[in-house]
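Observations on the model geometry
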Amino acid sequence: MKGIKMSDKVRKLKEEMIKVYGFKCWINELWIPNKKNILTYHHILEARNGGKVEWENGALLSLYKHNYLNYLDLYYHSIYNELNGLFYDLNRTYAPPTDEYYEEVKRVLRRIK
């Protein structure tokens, strides 16, 4: 999309993903949106490492969980990678997160000590 600012591209892609996956955070099934905790687009492969703004490289996360995921990247990188793997797999389903998916996310997060 030549000529479109990155923020516009992210916004449009996020809107398209919401149509398919629902207005849901992919880490916290109980997330309730508010002005301070909006839904964000997360790069599975980070932009700083060449990750592009495209469907296959995105996940929908609340702002707070997005910040938490960035913390995991620094201090629990293997868990960060495993969560990104779950995001990638969910992306391939083109379906909203299921109860089983959220249970798998919880299983991964319980390994944090």
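Below: a short report on this structure. A quick note: this is a predicted structure, and the numbers were derived from the prediction, not measured.

As for helix α4 (residues 99-109)
Among all positions of α4, only Y101, Y102, V105 and V108 are buried. All buried residues of α4 project into a common sector of 115° when viewed along the axis, lining one side. Exposed residues on α4 whose side chains face more than 90 degrees from its buried face are D99 and E100. For α4, the secondary structure elements touched by its buried residues are α3 (77-93).

A short note on the packing of helix α2 (residues 63-75) against α3
Between α2 and α3, whose axes approach to 6 Å, the crossing angle comes to 130°. With respect to α3, the element α2 is oriented oblique. Where α2 abuts α3, its residues L69, L72, D73 and Y75 lie against H77, I79, Y80, L83, N84 and F87. Of the residues assigned to the contact of α2 with α3, the class counts are seven nonpolar, two polar and one charged.

Procedures and definitions
- Residues numbered from 1 in each chain as written.
- Predicted model: local features only at pLDDT ≥ 70, side-chain atom pairs only at ≥ 80, totals over all residues.
- Heavy atoms only, no water.
- Buried < 20%, exposed > 50% of the residue type's maximum accessible area, 1.4 Å probe, protein only.
- Helix = DSSP H or I, 4+ residues; strand = E, 2+ residues; numbered from the N terminus.
- Arc of directions from axis to C-beta.
- Contact = heavy atoms within 4.5 Å.
- Axes fitted to C-alpha atoms, helices over the stretch in contact; angles between N-to-C directions.
- Parallel < 35°, antiparallel > 145°, perpendicular 65-115°, else oblique.
- Nonpolar A, V, L, I, M, F, W, Y, C, P; charged D, E, K, R; others polar.

Read these as layout, nothing more, since geometry by itself doesn't imply function.
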